[in-house]
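# Understanding the architecture of this molecule
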Amino acid sequence: MSERSAASLADQIDALLPQTQCRKCGYQGCRPYAEAISSGEADIDQCPPGGDQGIQLLAELLNVPAKPLNPAFGVQRPLQIAVIDETACIGCTKCLPPCPTDAILGASKHMHTVIAALCTGCELCVAPCPVNCISMVASTNTEWTTAYADQSRQRHQAKSRRQAKAEAEKSERLNRQKQLLAKLNKGKSAV
C-alpha cells in the first residue's frame, strides 16, 4: 500500500473512531490507533468506547469480519463524563494536563469543574487526582454522535498544537539562554 493510500485509509478509520482519546486501545489517542490499524499493527477490536458498533463500522470499511471487543482492552460501557466534587477539590491542577479536550476548567489553588459538553469520558483525569474528588457518572447523552466525535477531535488537535507550540517556545528560550551563557563564559575567559 502506498503512503498516500495508507494515510487516506488512516483518515477513514480515524473518522469512524469515537475520539475519546482514552488510550484504552494501547495507543496515545484515536489517530495513532487509526494509523496502527491501517498499517496492520493493530486489530479493529481494541476500542471499548467504540464498542460493537465501532467494530462493525471498521470491519465494513476494511472488508474484514467483525469480531467481539477484545476484553484485554476493557469493556463497552454507557457514555460517561467526569464530575469533580468541588467541595473536595484542592486546586492542584493535576487533572488538567491529561484531559485531551481541555474539558476541565480551573486554576492552581482554586476549585476545578468539568465542562460536561466537552468531556469525552476518557477517565484520564481520575488517576492523577490526589484527593479522589473526580468520579465518572452517566452522561445525559445516550449515544456518541459523529458531531460529538468531530468536536472532540478538533479540541484534541487544538490542545496538541498549543502544547507543541509551548514546547517549541520553551526549547527556543533554553537555546537562547545557553548561547548567552556561552558568550558570557567566553568573555570571562578572554579577560
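Just so it is clear, the structure is predicted and the values come from calculations on it, not from any experiment. (Residues numbered from 1 in each chain as written. Predicted model: local features only at pLDDT ≥ 70, side-chain atom pairs only at ≥ 80, totals over all residues. Heavy atoms only, no water.)

## Quick notes on the nonpolar core
Cut-off, in case you're wondering: As used here, the term nonpolar core means buried Ala, Val, Leu, Ile, Met, Phe, Trp, Tyr and Cys residues forming a set that is joined through side-chain atoms within 4.5 Å. Exposure is judged per residue with a 1.4 Å probe applied to protein chains only, and the accessible area is read against the type maximum: over 50% gives exposed, under 20% gives buried, and values in between give partly exposed. What counts as a helix is a DSSP run of H or I of at least four residues, what counts as a strand is a run of E of at least two, and both are numbered from the N terminus.
Counting 16 residues, the largest nonpolar core has I13, L17, Y33, I37, A42, I44 and L58 as the members making the most contacts within it. When contributions to this core are tallied by element, the ones reaching two or more residues are α1 (3-16), α2 (30-38) and α3 (51-62).

## Some details on the confidence of the model for the protein chain
Put simply, the test is: Within a predicted model, pLDDT stands for the predictor's per-residue confidence, ranging from 0 to 100.
On average, residues of the protein chain carry a pLDDT of 92, and 95% of them reach 70 or more. Here α1 stands out as the least confident element of the protein chain, with mean pLDDT 82; α2 is the most confident, with 97.

## Concerning unusual backbone geometry
In this structure, Q19 is a non-glycine residue whose phi angle is positive, near 65 degrees. For Q21, which is not a glycine, the phi torsion comes out positive at approximately 60 degrees. By secondary structure assignment, the location of Q21 is in the loop between α1 and α2.

## Regarding the pattern of salt bridges
Spelled out, the test is: When a carboxyl oxygen of Asp or Glu is within 4 Å of a side-chain nitrogen of Lys or Arg, the pair counts as a salt bridge.
The full count for this structure, using the stated rule, is 10 salt bridges. Where K67 meets D43, a salt bridge forms, and the shortest distance between an N and an O atom there is 2.5 Å. Pair noted here: K67 is in the loop between α3 and β1 (80-84) and D43 is in the loop between α2 and α3, with a separation of 24 residues, a long-range link. The network of salt bridges with common partners includes D11, R31 and E35.

## A few points about the domain arrangement of the protein chain
The condition is simple: Residue ranges for the domains originate in an automatic or database domain assignment. The criterion used for residue contact is that any of the two residues' heavy atoms lie within 4.5 Å. What gets called buried area is simply the loss in accessible area from a 1.4 Å probe that two parts show on being joined, summed for both.
You can read the domains of the protein chain as domain 1 (9-73) and domain 2 (78-190). One C-alpha centre belongs to domain 1, the other to domain 2, and the line joining them spans 24 Å. In this complex, domain 1 contributes 10 residues to the contact, which on the side of domain 2 involves 10 residues. Both sides together, the interface formed by domain 1 and domain 2 hides about 840 Å², and carbon and sulfur atoms give 53% of it. When the area that domain 1 buries against domain 2 is broken down by residue, the three leading residues are Q19, T20 and Q21, summing to 50%. For the pair domain 1 and domain 2, the number of links is 2 salt bridges. Notably, a salt bridge pairs K24 with E123, separated by 3.0 Å at the nearest N-O pair.

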